[in-house]
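Here are the chains, one letter per residue:
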Amino acid sequence: MIFIVVKFKVKPDWSERWLDLVAGFTQATRQEPGNLWFDWSRSVDDPNEFVLVEAFKDDAAGDHVNSPHFKQAMADMPQALAETPRIISRQLDGEGWDQMGELTI
């Protein structure tokens, strides 16, 4: 799978509107056939930072970045961003989350 984490630093006046801005993009991406997950979180240390954790089946990431909703999101997001997002993108074995061995319930 392709595992991606992106940190988005938004302008303070967009902090409460960011999730609304990306709602259509999020919904469309989650409906893509090769999407495994596409989950937003907000930093507990910085209310202006949002973290996107996403994963795709190996052959689906290309379709994602070439989709109309991706291109639209890339056009919509800059107005709200304070800086260029930071990304980690890696290919990993597996197709989902494993259980944490050190903390089993």
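Presented here is an overview of the structure given in this document.

Cut-off values and rules
Residues numbered from 1 in each chain as written. Predicted model: local features only at pLDDT ≥ 70, side-chain atom pairs only at ≥ 80, totals over all residues. Heavy atoms only, no water. Helix = DSSP H or I, 4+ residues; strand = E, 2+ residues; numbered from the N terminus. Buried < 20%, exposed > 50% of the residue type's maximum accessible area, 1.4 Å probe, protein only. Areas by Shrake-Rupley, 256 points an atom, 1.4 Å probe, with all protein chains shown as cover. Lys, Arg positive; Asp, Glu negative; His and termini not counted. Charge placed at Lys NZ, Arg CZ, Asp CG, Glu CD. Contact = heavy atoms within 4.5 Å. Pairing = 2+ DSSP bridges.

**Quick word on the overall build of the chain**
Move 1: Scanning the chain from terminus to terminus reveals 4 helices and 4 strands.
Move 2: Shown N-terminal to C-terminal, the secondary structure of the chain runs as helices and strands in the order β-α-α-β-β-α-α-β.
Move 3: On the principal axes, the C-alpha backbone points of the chain span a range of 40 × 35 × 20 Å.
Move 4: In the chain, buried positions account for 37% of the 105 residues.
Move 5: Surface exposure of the chain reaches about 6900 Å², of which carbon and sulfur atoms provide 53%.
Move 6: Between the averaged position of the 10 positive side-chain charges in the chain and that of its 18 negative side-chain charges there is a distance of 7 Å.

**Observations regarding the environment of Glu95**
Move 1: Residue position: Glu95 is located in the segment after strand E4 (86–91).
Move 2: The class of Glu95 is exposed, set by a relative accessible area of 58%.
Move 3: Expressed as a C-alpha distance, the spacing of Glu95 and Leu52, which sit 43 residues apart in the sequence, is 18 Å.
Move 4: Setting aside chain neighbours within four positions, we find Glu95 in contact with Met1, Leu36, Trp37 and Lys57.

**Details of the environment of Ala80**
Move 1: Relative to the elements of secondary structure, Ala80 occurs in the loop between helix H4 (68–76) and E4.
Move 2: Separated by 56 residues in sequence, Ala80 and Gly24 place their C-alpha atoms 15 Å apart.
Move 3: Filtering out sequence-adjacent residues up to four positions away, Ala80 remains in contact with Val10, Lys11, Trp14, Trp18 and Leu21.

**What about the pairing of strand E3 (residues 49–56)?**
Move 1: Counted residue by residue, E3 has 8 buried out of 8 residues, so it is predominantly covered.
Move 2: Alternating residues of E3 divide into Glu49, Val51, Val53 and Ala55 and Phe50, Leu52, Glu54 and Phe56, and every residue in both groups is buried.
Move 3: Both strand E1 (residues 2–9) and E3 contribute to a ladder of 8 bridges, which runs antiparallel. What sits directly across from Ile4, in E3, is Glu54.
Move 4: With 7 bridges connecting them, strand E2 (residues 35–42) and E3 associate as antiparallel partners. In the sheet register, Phe38 faces E3, and the bridge partner there is Glu54.
Move 5: Turn length for the E2-E3 hairpin, with the two strands adjacent in sequence and antiparallel, is 6 residues.

These values are about where atoms sit, not about what they do.
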